[in-house]
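# Working through the structure, step by step
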Amino acid sequence: DVIVLTATGDGFAVNSGAGVSNGTLVVLPNVLSLATLAATSAETLAESAGASPLAAVAGAQAVVQFAFRMTNPLPETGGLRITLPNGFGVSNYTSAGLVTAASSPTKLQVDTNGDAIIVDISAFSIGTTYQRITGELEVDAVIDTALSLSATLDAAAAALAAVSLSAEGAFGGVVVEVARAGIAAAVVKGRWAILTLTGLTLPTFAHTACCAAVATVTAGGSLIDVSLPLEPIVITPGPLLVEKAALSTSLAGAATDLLFQVRLSNPLPPNGTLRLELDALLDVSDELVVLAALLSDQETYLNLSDSTVALNISYMYSTPNVTSFDANALVTYSLGKHLDLAIVDGLGPGVGIGHGARLLLLLRGGLTLPPYSAEPLSNFGFSTLFNAGVGPTVDEAEAGLLELAVEPNKLYAALSLDERRVGSLSELTISFVLSNEMPADGQLDVYLPATFSALGSTRVVSAVTSASDACTLFVHRDARSCPAIGTVTAARTATISASARLAADGSTALIRIAIRCALAPSRADYASCALAPSTAYSITVLQLTNPQAAAVFSAALVELLDGQGRTVDTATATGAQPNLALEIKPNLLLNVKIVLDDDRAGEVTSLSVEFETTNPITSDGSIRLAFPKGFLFVGPSTGFDFGGTMRVVSSEGSGLSKISGNLVVSREGGDAALAKDDSVLVLARGNGAATIAGERHRLEVEFVQNPLSAQTTGTFYLSTRTASLQLIDINEVALQLSVAEPAAGSSSSDSSNTAD
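Now for a look at the structure at hand. (Residues numbered from 1 in each chain as written. Predicted model: local features only at pLDDT ≥ 70, side-chain atom pairs only at ≥ 80, totals over all residues. Heavy atoms only, no water.)

### Describing the overall build of the chain
Summing up its helical and strand segments, the chain has three helices and 54 strands in all. For the chain, with 756 residues in total, the buried portion stands at 48%. Of the contacts made within the chain by residues no fewer than 6 positions apart, 76% connect residues no fewer than 24 positions apart. Of the roughly 33,800 Å² that the chain leaves accessible, carbon and sulfur atoms contribute 52%. (Helix = DSSP H or I, 4+ residues; strand = E, 2+ residues; numbered from the N terminus. Buried < 20%, exposed > 50% of the residue type's maximum accessible area, 1.4 Å probe, protein only. Contact = heavy atoms within 4.5 Å. Areas by Shrake-Rupley, 256 points an atom, 1.4 Å probe, with all protein chains shown as cover.)

### Regarding the state of the cysteines
A full pass over the atoms with the stated rule returns two disulfides. Cys 471 shares a disulfide with Cys 482; S-S distance 1.7 Å. Pair noted here: Cys 471 is in helix 3 (residues 467-474) and Cys 482 is in the loop between helix 3 and strand 34 (484-485), with a separation of 11 residues, a long-range link. There is a disulfide in this structure between Cys 517 and Cys 529, and the S-S distance comes to 1.9 Å. Every disulfide takes its handedness from the sign of the S-S torsion; for Cys 517 and Cys 529 that torsion is -45°, giving left-handed. A residue pair is termed long-range when its members are at least 10 positions apart, and Cys 517 in strand 36 (residues 509-517) and Cys 529 in the loop between strand 36 and strand 37 (535-545) qualify at 12 residues. The class for Cys 529 is buried, based on a relative accessible area of 0%. (Disulfide = S-S within 2.5 Å.)

### Examining the pattern of salt bridges
According to the stated counting rule, one finds 15 salt bridges in the structure shown. Close ionic contact of Glu 243 with Arg 358 constitutes a salt bridge, the shortest N to O distance being 3.2 Å. Residue Glu 243 is located in strand 18 (residues 241-247), and its partner Arg 358 is located in strand 26 (residues 358-368); the two are separated by 115 residues in the primary sequence. Residue classification places Glu 243 among the partly exposed positions, given a relative accessible area of 33%. Ionic pairing is found between Arg 600 and Asp 598, a salt bridge with its closest N-O pair at 2.8 Å. Linked through salt bridges whose partners overlap, the residues forming this network are Glu 610, Glu 612, Arg 696, Arg 698 and Glu 700. (Salt bridge = Lys/Arg side-chain N within 4 Å of Asp/Glu carboxyl O.)

### Comments concerning the packing of aromatic side chains
If you walk through the whole model with that rule in mind, you get eight aromatic pairs. Ring plane angle 65° and centroid distance 5.9 Å describe the contact between Phe 452 and Phe 553, whose orientation is recorded as edge-to-face. Remark: Phe 553 occurs in strand 38 (residues 551-553) and Phe 452 occurs in the loop between strand 31 (443-449) and strand 32 (453-454); sequence separation between them is 101 residues. Each member of the pair, Phe 452 together with Phe 553, is buried. When the centroid spacing of 5.5 Å and the interplanar angle of 65° are considered together, the rings of Phe 627 and Phe 716 count as edge-to-face. Taken together, the residues Phe 627 in the loop between strand 45 (622-626) and strand 46 (632-633) and Phe 716 in the loop between strand 51 (711-712) and strand 52 (717-721) connect sequence positions 89 residues apart. (Phe/Tyr/Trp six-rings, centres within 6.5 Å; stacked < 30°, edge-to-face > 60°.)

Below, the structure written as structure tokens:
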């Protein structure tokens, strides 16, 4: 008789009229309803609990969990069969599972893409509940016998070859089965089961792994219920660690070698490649040579010039038609592309790179750093590809973790002033040699102590540098040879402004002189604004005003900027050895005259000093008058020798300007109770205003005792100083007086003329 079924799934009611072929009744397995899957890397399970989706990293230890509802009963002699996608492996495999009681919810509320991984099912027993799942999950039976491995890898496909499932690629990988002994009693239909498999390894390359399946089987291995293909498992690349990275030089615009030491997580097959993407700011020429070596766990290389680096990897250039090169071949490289490094026979024919391998990569020649100091180079990419040049990705380095700094290159500079006296108008000549080209829209910044200033408009003119001067100034350069001589032909402008920069001492304020080309970009000769590297130039900034005090200023700075304001070269770069010290010398006190009211030897008298200043005396400054040997100070009880104030008066009238405020008198050095020859009187100003440059002043000093014998005195010295004792103006003309014979009958031992 012919039997016709309206449905052929196991457990369905039957009616005649369908499902018959040549008298053979074909009964297909039914569908496990609501079957779900979650997978994650074991080491990320704890920290990822509650996250969605869980991380599945290539090559990592894996935890896989299934939750499903059985449509048909599971007989006492039946079992379960789990199939994982191709690429899964086994390390320290374990498993556990549970079956729900009839009173559990008809639909298990488990978000299998998130927080539903149940790791330790063995802790459950019959009658317990699991609170992490929405609703109470009442356990009816615990699968307390571990699911056994029945097949792995390629053998898995043969194990299920006779089974017809709808999803292509559902077979293969790891197949695990459990015998009926693992479940205490027959399971009625409609019950839920949760299975957790640990000690698996995820596939060793990134891809979407499809598709896992779960089935219930009879004792003879016939399928009862089979899940539809479960959710694909997204495998992300394994970690590729960049352990070390170094440039042979970090100076902007310089040719450099580049060293990387990396560690792979997963094996690389013989036809795999390591892909290296360079930061786009690096300029790469066809002189690039790539060397590589495998390192043992104990080896490490820090020296770019290490001659023991063995060539175990060749390189190929990534073009539509990938081409292999010999070890010494040149790589034709253009910006924006990448390098693919392929294994060669140095490792042995058909030999790949094992798990956890460490590689040393050296890019030598053909690399040039950007011609400016910028943000660190960080856009590097490292990945390994399962198939040469096309993928899938095996391991990948996390983006943005590697940073290689680019520093300004050396600017060799020397500064000189044509006039170095305090407060004078001066011209500043800057002689310099650049390491990088100065672009037409670039500028040269010269920083000077803020005590310099500009009078009116400041202009810039080209100066002439002789070959001998250039050689003397700049032969110390890296080239160790005299530079070429250049002339600044295009007109330049100079703008002086305040600056937020401080000198290296952290306290000296600086002003900036920004020197730019005066030509408009639209002019045909605009290109002449550029200045060549390794060439000596000189330019002079006119109409500067020197500081108002003498000092040696070493706080100057010279920098080259490009058109976007990025620093290209600087005189502070290591090895530049700039000569930027500027010595400002005291200016002159003019028409100085010293007169004794009584010039007889041994007499106590008053001394007057007249002088004209070139620069103002600051309100908190001082005047210093040094007496030659033989003069002493005497006085009444309010006098100097008793700690009182010696009287010094500033006169006015008859072309004289009075120095306002107080003049507090002290003697520099010595003890007030013990007079010394060559005494210096310090006249410190207080409560007054700064004097006006060019004014004439007169000071009268009382209670001065002349030398005790007639003579031509030694030299008097007069100077004005700042509060910090820096010289302002000094007298350069020798100031001497004639002391006459003492008056008849006078004696140097007279009690009224006693020295202090």
